Amino acid sequence: AYPDFVETYRSSTARLQPLGIEKGEEETPLELLQRLRASHPPLAKALEELTALYLEMRFQGYGPNEEREAKLREHSSHFARSLERYQTELAREN
């Protein structure tokens with residue numbers, strides 16, 4: 001079981017699967033972000049703040065707190081909306 005903030009990040013990145021993008025087990029969040037920048041730049045922009053906050057909470061000693069977790073959920077929602085718009089635009093182009 002992971003803390004809520006880890007699950008929020010994981011569920012956000014899992015939303016990329018319909019585009020054929022999955023975070024590899026050995027892939028870091030920054031590597032995923034870099035890969036996304038190369039293949040889907042608008043989505044990378046939407047994922048940047050979520051990734052930065054996740055890394056702060058998990059690896060830089062800031063840890064979760066109520067304010068950070070709320071901000072992470074906000075970034076996750078923003079990413080979900082951006083992804084939905086992006087997929088709609090892709091569908092229109094095809």
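Residues numbered from 1 in each chain as written. Predicted model: local features only at pLDDT ≥ 70, side-chain atom pairs only at ≥ 80, totals over all residues. Heavy atoms only, no water.

For the coordinates displayed, the defined rule picks out 3 aromatic pairs. When the ring of phenylalanine 5 is compared with that of tyrosine 54, the centres are 6.2 Å apart and the planes differ by 50°; the resulting orientation is tilted. Of this pair, phenylalanine 5 sits in helix α1 (residues 4-14) while tyrosine 54 sits in helix α3 (residues 41-59), placing them 49 residues apart in sequence. Under the relative-accessibility criterion, phenylalanine 5 is labelled buried at 6%. Classification of tyrosine 54 as buried rests on a relative accessible area of 4%. Three or more aromatic residues joined by ring pairs make a cluster, and in this case those are Phe5, Tyr9, Tyr54 and Phe59. (Phe/Tyr/Trp six-rings, centres within 6.5 Å; stacked < 30°, edge-to-face > 60°. Helix = DSSP H or I, 4+ residues; strand = E, 2+ residues; numbered from the N terminus. Buried < 20%, exposed > 50% of the residue type's maximum accessible area, 1.4 Å probe, protein only.)

Another point: α3. Residues separated by three or four positions in an α-helix point in the same direction, a consequence of the helix having 3.6 residues per turn. Here α3 spans 25 Å end to end across 19 residues, near enough to the 27 Å set by a 1.5 Å rise per residue. Bending of α3 peaks at approximately 35° at the position of leucine 47. Among the residues making up α3, those that are buried are Leu43, Ala44, Ala46, Leu47, Leu50, Thr51, Leu53, Tyr54, Leu55 and Met57. Tucked into the core, α3 has its buried residues touching α1, α2 (29-39) and α4 (66-93). Just downstream of α3 lies glycine 61, where phi reads positive at about 80°. (Expected span 1.5 Å × (residues − 1). Bend = angle between axes of the 7 residues up to and from the residue. Contact = heavy atoms within 4.5 Å.)

Moving on, we get to the pattern of salt bridges. Throughout the structure, instances matching the rule amount to 4 salt bridges. Between lysine 45 and glutamate 48 there is a salt bridge, with its nearest N and O atoms 3.8 Å apart. Here the residue lysine 45 and the residue glutamate 48 both occupy positions in helix α3, the gap between them amounting to 3 residues, near one helical turn. According to the relative accessible area criterion, lysine 45 is exposed, its value standing at 60%. Of the charged contacts, one joins lysine 71 and glutamate 74 as a salt bridge, the two residues approaching to 3.6 Å between their closest N and O atoms. One end of the pair is lysine 71 and the other is glutamate 74, both in helix α4 and 3 residues apart, which spans about a single turn. With relative accessibility at 38%, the residue lysine 71 sits in the partly exposed group. (Salt bridge = Lys/Arg side-chain N within 4 Å of Asp/Glu carboxyl O.)

Here alanine 52 is to be found in helix α3. Each C-alpha atom of the pair alanine 52 and leucine 72 lies 9.6 Å from the other, and the pair is 20 residues apart in sequence.

Core analysis: the biggest nonpolar cluster contains 21 residues, and Leu16, Leu36 and Tyr54 have the highest contact counts within it. Counting residues per element, the ones that place at least two in this core are α1, α2, α3 and α4. A total of 9 residues in this core trace back to one element, the largest contributor, which is α3. When residues no more than four places from it in sequence are discounted, the contact partners of tyrosine 54 are Phe5, Val6, Tyr9, Pro29, Phe59 and Leu72. (Core = buried A, V, L, I, M, F, W, Y, C linked by side-chain atoms within 4.5 Å.)

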